[in-house]
Structures are given as C-alpha cells and as structure tokens.
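Breakdown of the fold
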Amino acid sequence: MIDWFATARSTPAGTRPRRMAAQVSSFTIALSATAMLLADTAGAEQKKQRAAAKPAQIVEAAAPRTAGEPLMAIVSIKTQHVTLYDSEGWILRAPVSTGVKGRETPAGIFAVVERKEDHRSNMYDDAHMPHMQRITWNGIALHGGPLPGYAASHGCVRMPFGFAQRLFDKTRIGMRVIISPNDAAPVEISHAALFKPSLEAIAAAPARAEALAREQIDAAKAADAVKKAASAAPREASAASAALRNATSAKTRADAELAAAEKALAAASTDEAKTRAEERKAKAATAAADAAKKFDEATATAQAKKDAASTAKEAVKAADAKKAAAAKAATDARLALEPVSIYISRATQTIYVRRNTHKPAPDGGGEVFDSFEAPIAIKNAGKPIGTHVFTAVAKGEAGLRWTAVSIDDADSAQAALDRITIPQNVLDRIAPTALPRSSIIVSDEPLTAETNYRTEFVAVLSNQPQGGFITREVTPREVYATADYPTGDNFWPSFQPARGAPQFEPAQRRGRGPFEPAPPPPPASFWRGPR
C-alpha cells in the first residue's frame, strides 16, 4: 500500500506533483480493476442463485380431451403461469409475466369486464396489447406480450401472443379470474351453505321470463295510453278555473249594478225618475240572474274538471306503478336465467349479490351489472376467514356440483362456509334458480373502489404487494341511473362495516397494511330502480 504522507515528504519539490499524479493514476486503475473483478464475481454468483431458485419453466399445454367453456383462469404469481379450467378440470396452461417490483400484479378476485381484440395502452406510450381482456377499469388486464421468463410488466398479466389469441376466442365477459400469490387449483366441495336450486323452478324459468316480458310490454303500452288520455285533463281544469274566475268577476259586477239600481230607485223623487230607476233595476236584475246562473255553471264545471284531473293523475300514478312492478318482475325473471355471483366480506359484514344484465354500459365500455346487498352475520367475526372462491361448475345429482379455490387460507374452505349464514330473504331471491357459473366468494377483504356498476367484484389481498394496482388512478365514479339503465337497491357497494358489525381491522390483525380508504356512497337521489 502507498503511504501518501511518506511519499510526499521524500519527494523533491520540483518533481513532487508529476510523481504524485502518476501514483494516483496507478492506484485508481488498480482499484477499478479490483472493483470490476469483484462485480463480475458477485454478478456470476447472483446469476447462479437466481438459476437455482428459478422454478421449472412452464410451457404451453392443453389437456388431452375435448375442452368445455372456460369457467375460470387462475394466475400463479409465484410460478408465473396461468391455468384455465372448465367444469371437468384444467384445459389450458401457459407461462405469463406479471408485474415487476413496485408495479406488482395484485393478488385477488376479478372477472373479465371488457374484451378488445386489438388494444393499445392509453397509459404506456400506446403500447400494443393484443387480445386484451380487462379485469379492472383502472388498467389491469390479461393480454398478449413478450415473456422474458420473469415478472416484467407494469401490473398486467402478459401471456404468449398465440395463447392470448386462442384464449380470446374461448372466453366471455364475466369469466372469473383469480390471481394467487402461490399455486392454487380448484377442488371438489360440498356443503349445506352452497346453493341447491329447485329443478322445477329452473325448468319453469324460461317460460316465466317470456310471460313476464310480455306483461311488461303490455303494462308499458297501457301506461302510455293512460298518460295520453290524462294529458288533456290538466289543461281542461286550468281552462275551467279561468272561466270560473271570469264568471265570478261578471257576477260581482252584475250584483253591484243591481245594488246601485235599487239605491237609485229608493232615492227617486219624481215619477219620471222612478220610471227610469225601475227600468234600470229590471235590467240589472236580469243581468244579475244571468251572471249568477253562469257562475253556478262555471263553479260546477271547474269542480268537475278539477276532480277529473285528480282522477287522471291518480290513474297515471297507478299505471306507472303497475309498469314499474311489471318491469321489476320481468327483470328478476330475466336475471334468474343468469348465473349469480355473491361476495361475502368479513370486513364490512355485508353480502353483495350481482348478475350481469348484458346491457352495454352507456359510456361505451363493458356491460351493466344488477346488484343488491344486505347485512350478514359471520361467526367469530374477529377471526380471519381467508379468501375462498366457490364455483358451481356443472349440474349434479344434488342440483349443482361445486369447487373451491383458496388463495388466502387463514381458515379452510369448509370452515369458512361453516361460519356464514346467508339471510333467508336473499336465498329466496336467488337460490331456487342458481345455475352453473354461479359463485360465492368469502373473504376477509372489503371490495375495492374498482367495484362499480360495470364490474362484478374486484377484491385484492391486502397482505400482498399491490404496486401495479394502487399506482393507477381510481376509475371515476359516474353514476348512470336512468329508465334505460335502472340500478338495483345499491348501485355502489358499501365499503364500510355495516351498522352494528364488530369494529375490527382484519388486515392489520394479520400483519397487513390498512385497508384502502373507501369513498363515501353517492346521495340517496342516485338510488333508482325497483327493490
């Protein structure tokens, strides 16, 4: 090692700067060479460790049988692959690339909400995202993309281009997408809490929906006819009221003239004056009698027209109520032909129910979901329950055949079902006609703000990284509630614990971060649609 102080002391004054510069340069070169050698060694060691830790590469595969319609896609963040399942098991498998550190793909429960064959990103320099299947409106999607063999996206799930194309041709809006931090797969399950529909109700449902649809059309036509007939009543009542006011004024003037004529007759002192006063009184009396008659007629007419207008108004209200009831009955009957999705949140002590109406959203993206919610009691509410997805995959001997997927197993799937009791009024509304593709999700988590009128459910695990989710802007919460797009009881889900629910923080109890802040619900004026 060079002793810089000793060297400086032994160097003649004239040559000291040049020799010191040379020595510094030599030292710098040696130091740089040593650093490069160490970096190369460390880099080689890191590569060796990554290679040892890297799981076996997943390759594209298809089940050796005829595949049915995909019911769900399960993405494993740990092993970077996606598996598609139909009612009989897995059908397709392929490698994926999820989000990098800081932009991690969120683990949780989603469903396809929009599909576009040729999509370009409006966030990342117009990047091409072919065969895009959106699962959140703030930008998380499955799509074709380059796969370097490790997590490399900004939060989306990239799939091989060819695989994404083939998958796009098989899926539809509403397909369940489960993103798991580890490997997960559906297993058969049976439990009393899982719906057992009525075969008679299911068989009768299509005919009932058709009949109620016809009744809805008839009720709408009848309401229009009543409104058309009633439209003249207010105008006629107004005209009659104006005529009454005129008749009242005429009667007042005639009565005043008669009183003046009588006064003049009483004051007359000559025969000629009395004659003139008597003639005046006779004319005034005739005019007053005529005015009184017209006043009586106008009064009766005005009252009749007023009563008719009131009756017409009530008839319109009754016709509108019948129309609304027929629309609700027809909607419920039509929705009974659709799979039902349920989300039970331990965080909010609420059960959320949704069905796809298949009506295009008014802003041009996705489809509108019908929804309602109700409070629910969960046993041992302070104890974590995990996150479990129960799916009716096919009809079975007991009504439906169910599978369970657990991605956060604080409690087992069976134990989670043991702890819930779905309210009877909810069961009466949805269970008799439950169909394959119906699902029940039980979770510690609340629904995120990305759950809105054109999504099924969006829930993320708060004990897993969410960089690719929370770094994106929350979808604007416009509310569309019109006659063409009526909503259910609760257009937006409740994000806060239900009144009377135990006040606990399930995420924090399990070492998680705090839940995402919930936006306030919209004002009561937004809640439209039949209950």
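We now turn to the structure provided with this report. Because the structure is a prediction, the values reported are computed rather than measured.

**A closer look at the overall build of the protein**
In terms of helices and strands, the protein carries ten helices and 18 strands. A burial count over the protein gives 43% of its 531 residues as buried. Partitioning the contacts of the protein with sequence separation of at least 6, the portion at a separation of at least 24 is 70%.

**Observations regarding the packing of helix α4 (residues 199-230) against helix α5 (residues 232-267)**
Pairs of packed helices are described in terms of their axes, by the angle between the two and the distance that separates them. The contact between α4 and α5 brings their axes to 5 Å, and the two run at 15 degrees. Our classification of the angle between α4 and α5 gives roughly parallel. Contacts between α4 and α5 pair Lys-228, Ala-229 and Ala-230 from the former with Ala-232, Ala-233 and Pro-234 from the latter. In terms of residue class, the contact of α4 with α5 is made up of five nonpolar, no polar and one charged.

**Examining the sheet that holds strand β10 (residues 176-180)**
In spatial order, the strands read β1-β4-β3-β2-β10-β5-β18; together these seven strands make up an open sheet with mixed pairing. Looking along the sheet, the strands with just one partner apiece sit at the ends: β1 (61-62) and β18 (459-460).

**Brief notes about the environment of Pro-234**
Structurally, the position occupied by Pro-234 is in helix α5. The class of Pro-234 is partly exposed, set by a relative accessible area of 47%. Sequence separation between Pro-234 and Ala-312 is 78 residues; the distance between their C-alpha atoms is 8.7 Å.

**Examining the environment of Ser-438**
Topologically, Ser-438 is positioned in the loop between α8 (424-430) and β17 (439-443). The exposure class assigned to Ser-438 is buried, which follows from its relative accessible area of 0%. It is 9.6 Å that separates the C-alpha atoms of Ser-438 and Leu-400, two residues lying 38 residues apart in sequence. For Ser-438, the residues in contact, after removing those within four places along its chain, are Pro-339, Val-340, Phe-390, Thr-391, Ala-392 and Trp-402.

The rules behind these values
Residues numbered from 1 in each chain as written. Predicted model: local features only at pLDDT ≥ 70, side-chain atom pairs only at ≥ 80, totals over all residues. Heavy atoms only, no water. Helix = DSSP H or I, 4+ residues; strand = E, 2+ residues; numbered from the N terminus. Buried < 20%, exposed > 50% of the residue type's maximum accessible area, 1.4 Å probe, protein only. Contact = heavy atoms within 4.5 Å. Axes fitted to C-alpha atoms, helices over the stretch in contact; angles between N-to-C directions. Parallel < 35°, antiparallel > 145°, perpendicular 65-115°, else oblique. Nonpolar A, V, L, I, M, F, W, Y, C, P; charged D, E, K, R; others polar. Pairing = 2+ DSSP bridges.

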